[in-house]
Amino acid sequence: TGYRNVSGSTMATPDGNVLNLAITAAKEKPYVQKAFTAPNPYAPDKFPWMAISFRIPEGEFPTAAPFTVNFHPGKRRPGGIKDVHSLDPADSACQKFLACKPRSEWKTGEWIDLLLNVHDFLAAESSEKKDAPDVAYITIFFNPDLVKRSVQLRSIALVSPRSSYSLFGVRPLHISGMRGR
């Protein structure tokens, strides 16, 4: 919904179309942002995970994480929730909220798939340690070391687990009794 010091374009790659984000300047920290309009904020209670698939297509991989993800709470806030909570994939305190290959194995040109446990991260940030706030917007701040370079995004998704009520039963057929024409 918003951006600063970033220009984006769709690019065809052997892996399919990707969003190529060129980081144009670092004077003010570059970012992209998605707002969730009222009355439907992002609810980590319903969609607890955020999946991001990205790569740095060329140049040296930054020593710090290529980006941090900031969550800006909406109106429903448990006690102790601040105005913004930053999840940095390179921060050892955030590792327990990430599912991905080890940071030491992230390489230029290779796709990196992150699964962020947004619900547990935000619940841990609250004083109650159980409820996560609704999120009014998410901001991805890019590492200023990436100026004049790009980050490619294959996908970003908010993900929910499937419950048994979401599944449907299948009655298998025994194919030995089937015949063609």
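The notes below deal with the structure included here. Residue indices begin from 1 for each chain and proceed along its sequence in written order. Thresholds applied to this predicted model are a pLDDT of at least 70 for local features of residues and 80 or more for the giving and counting of side-chain atom pairs; totals over whole chains, interfaces and linings are not thresholded and use all residues. As a rule here, side-chain values cover all heavy atoms of the structure and leave hydrogens and water aside.

Quick word on the overall build of the protein
Alright, step 1. The helix count covers DSSP runs of H or I at least four residues long, the strand count covers runs of E at least two residues long, and both are numbered beginning at the N terminus. Of the regular secondary structure elements, the protein holds one helix and 11 strands.
Alright, step 2. Along the protein, from the amino end to the carboxyl end, the secondary structure elements read β-β-β-β-β-β-β-β-β-α-β-β.
Alright, step 3. When accessible area is computed with a 1.4 Å probe and restricted to protein chains, residues below 20% of their type maximum are described as buried, those above 50% as exposed, and intermediate ones as partly exposed. Counting over 181 residues, the protein shows a buried share of 39%.
Alright, step 4. Taken as a whole, the protein presents about 10900 Å² of accessible surface, with 53% of it coming from carbon and sulfur. Method for areas: the Shrake-Rupley scheme with a 1.4 Å probe, in which residue coverage is limited to the protein chains shown.

Observations regarding unusual backbone geometry
Alright, step 1. Residue N5 is not a glycine yet carries a positive backbone phi of 55°.
Alright, step 2. With respect to the element layout, N5 can be found in the loop between β1 (2-4) and β2 (6-13).

A word on the packing of aromatic side chains
Alright, step 1. Aromatic pairing here means that ring centres of Phe, Tyr or Trp (its six-membered ring) are within 6.5 Å. Orientation follows from the plane angle: under 30 degrees is stacked, over 60 is edge-to-face, and everything else is tilted. Under the definition given, this model contains eight aromatic pairs.
Alright, step 2. Judged by centre distance (5.7 Å) and plane angle (35°), the ring pair of F36 and Y42 falls under tilted.
Alright, step 3. Centre to centre, the rings of F54 and W106 are 5.8 Å apart; their planes meet at 80°, and the pair counts as edge-to-face. Residue F54 is located in strand β5 (residues 49-55), and its partner W106 is located in the loop between β8 (98-99) and β9 (112-117); the two are separated by 52 residues in the primary sequence. In this pair, the class of F54 matches that of W106, namely buried.
Alright, step 4. In this scheme, Lys NZ or Arg CZ marks a charge over a ring once it lies within 6 Å of the ring centre and within 35 degrees of the ring normal. Between K34 and the ring centre of F36, over which it is positioned, the NZ or CZ distance is 5.6 Å.

Quick notes on helix α1 (residues 118-125)
Alright, step 1. Among the residues of α1, those classed as buried are V118, H119, F121, L122 and A123.
Alright, step 2. By the convention used here, residues are in contact when the closest approach between their heavy atoms is within 4.5 Å. Turning to α1, the residues buried within the fold contact β5, β6 (67-73), β7 (85-87), β9 and β10 (135-142).

Examining the pairing of strand β4 (residues 31-35)
Alright, step 1. Here a strand pair is declared whenever DSSP counts at least two bridges between the two strands. Judged from the three bridges that link them, β1 and β4 form a sheet pairing that is antiparallel. Of the residues in β4, the one forming a bridge with G2 is Q33.
Alright, step 2. Pairing of β4 with β10, which is carried by five bridges, proceeds in the antiparallel orientation. Bridge pairing in β10 places V32 opposite I140.

Overview of the environment of A123
Alright, step 1. For A123, the position within the fold is in helix α1.
Alright, step 2. Residues A123 and P44, spaced 79 residues apart in sequence, show a C-alpha to C-alpha distance of 9.5 Å.

Side note on the pattern of salt bridges
Alright, step 1. Throughout this description, the term salt bridge denotes a Lys or Arg side-chain nitrogen within 4 Å of a carboxyl oxygen of Asp or Glu. Tallying each qualifying case throughout the model produces four salt bridges.
Alright, step 2. Across the salt bridge formed by R55 and D15, the nearest N and O atoms sit 3.4 Å from each other. In this pair, R55 is assigned in strand β5 and D15 in the loop between β2 and β3 (16-23), connecting sequence segments 40 residues apart.
Alright, step 3. Here D113 ties to R154 by a salt bridge, and the two come within 3.4 Å at their closest N and O atoms. Here the residue D113 occupies a position in strand β9, and R154 occupies one in strand β11 (residues 150-159), the gap between them amounting to 41 residues.
Alright, step 4. Overall, the relative accessible area of 46% leaves D113 in the partly exposed class.
Alright, step 5. The exposure class of R154 is partly exposed, given its relative accessible area of 34%.

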